[in-house]
Amino acid sequence: MLDLPELPYSYDALSPFMSKETLEFHHDKHHNTYVVNANKIIDENNIKYDSIESLVKDSYNSNPGLFNNAAQHWNHIEFWQWMKPNGGGNIPGELENKINSDFGSFEKFKADFIAAGATQFGSGWCWLVMDSNGKLSVTKTPNGENPIIHNQKALLGCDVWEHSYYIDYRNARPKYLEAFVDNLVNWERVAELFGS
Ligand code: FE2
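Model, not experiment: these values are computed from the prediction.

1. Comments concerning the sheet that holds strand E3 (residues 153–159)
Ordered by their spatial adjacency, 3 strands build an open sheet running E2-E1-E3, and the pairing between neighbours is antiparallel. Here the strands that pair on one side only, and so sit at the sheet edges, are strand E2 (136–142) and E3. Strand-to-strand twist of the sheet, defined as the mean angle between neighbouring strand axes without regard to direction, takes the value 25°. Pairing geometry for strand E1 (residues 124–130) and E2, over 7 bridges, is antiparallel.

2. Considerations on the coordination of the iron ion
Only His26 (NE2), His76 (NE2), Asp159 (OD) and His163 (NE2) from the protein coordinate the iron ion, and they sit 1.9 to 2.1 Å from it. In this structure, the iron ion is surrounded by 4 donor atoms whose angles at the metal cover 91 to 141°, and the resulting shape is irregular. Going along the chain, you hit the donors of the iron ion in the pattern H-x49-H-x82-D-x3-H. Here the residue His26 occupies a position in helix H1 (residues 20–44), and Asp159 occupies one in strand E3, the gap between them amounting to 133 residues.

3. Let's talk about the packing of helix H4 (residues 93–103) against helix H5 (residues 106–119)
Where H4 meets H5, the closest approach of the two axes is 8 Å, and the angle between their N-to-C directions is 75°. Of the possible angle classes, the one that applies to H4 and H5 is roughly perpendicular. Contacts from Ile99, Asn100 and Phe103 of H4 reach H5 at Phe106, Lys108, Phe109 and Asp112.

4. Quick notes on the pattern of salt bridges
Tallied over the entire structure, the rule returns 9 salt bridges. One salt bridge connects Glu78 with Arg189, and the closest N-O pair in it is separated by 3.3 Å. Here the residue Glu78 occupies a position in helix H3 (residues 64–81), and Arg189 occupies one in helix H8 (residues 187–195), the gap between them amounting to 111 residues. Both residues of the pair, Glu78 and Arg189, belong to the buried class. Salt bridges sharing common partners tie together Glu78, Arg189 and Glu192.

5. Re the packing of aromatic side chains
Think of a pair of aromatic rings as described by two things: how far the centres are apart, and how the planes are tilted against each other in angle. For the coordinates displayed, the defined rule picks out 16 aromatic pairs. For the pair Trp82 and Trp127, a centre-to-centre distance of 6.1 Å together with 80° between the ring planes defines the contact as edge-to-face. Of the two residues, Trp82 sits in the loop between H3 and H4 while Trp127 sits in strand E1, which places them 45 residues apart along the sequence. As far as the burial class goes, Trp82 and Trp127 line up, both buried. Pairing Phe103 with Phe109 gives two aromatic rings, centres 5.4 Å apart and planes at 65°, and the pair type is edge-to-face. Each member of the pair Phe103 and Phe109 is classed as buried. One aromatic cluster is present, built from ring pairs that chain together Phe79, Trp80, Trp82, Phe103, Phe106, Phe109, Phe113, Trp125, Trp127, Phe180 and Trp187.

Procedures and definitions
Residues numbered from 1 in each chain as written. Predicted model: local features only at pLDDT ≥ 70, side-chain atom pairs only at ≥ 80, totals over all residues. Heavy atoms only, no water. Pairing = 2+ DSSP bridges. Helix = DSSP H or I, 4+ residues; strand = E, 2+ residues; numbered from the N terminus. Axes fitted to C-alpha atoms, helices over the stretch in contact; angles between N-to-C directions. Donors = N, O, S within 2.8 Å, 3.2 Å for Na, K, Ca; no water. Tetrahedral: all angles 85-135°; square planar, octahedral: opposite > 155°, others 65-115°. Parallel < 35°, antiparallel > 145°, perpendicular 65-115°, else oblique. Contact = heavy atoms within 4.5 Å. Salt bridge = Lys/Arg side-chain N within 4 Å of Asp/Glu carboxyl O. Buried < 20%, exposed > 50% of the residue type's maximum accessible area, 1.4 Å probe, protein only. Phe/Tyr/Trp six-rings, centres within 6.5 Å; stacked < 30°, edge-to-face > 60°.

Have a look at this one:
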């Protein structure tokens, strides 16, 4: 069965950029609901799987209800780890060089990432991904869709569902995205994924 992981920091650790109230709702209610719903479908249909990644991939075309919940479970497990207190700031050297070479500059990456999240119509995610040829790019996906189903490696993702920002930023999604990049991103985690 799938388990809801603990947050890797305290509920108030990301304040003021992401409040305790947002993390309580987002982790304890929204993420937990995805886990409960996915487990119910897995249990009722006696579905076997090797990993959460294979569950996401295999359910994409065959079982939309399971896919939505399993993909959102994976997305949120990663999302919690993509943030840290006092995030943003310095990017480990090799990753910084790669961002500069594939986007032209960090500022260009940041603008592209924020634009992707801001223009994702309705609920979804924006991503920094690595394609199979090793090139980095910025993408956006609707609802629970993620880079796994597009055969890309997710290096960084930001949840742009309203439940992720509405308490703290109301309708100002671009402001939330800017705060995410400037103050929340755990670049050591992104570098770890880039190097692995
Ligand atoms: Fe979310």
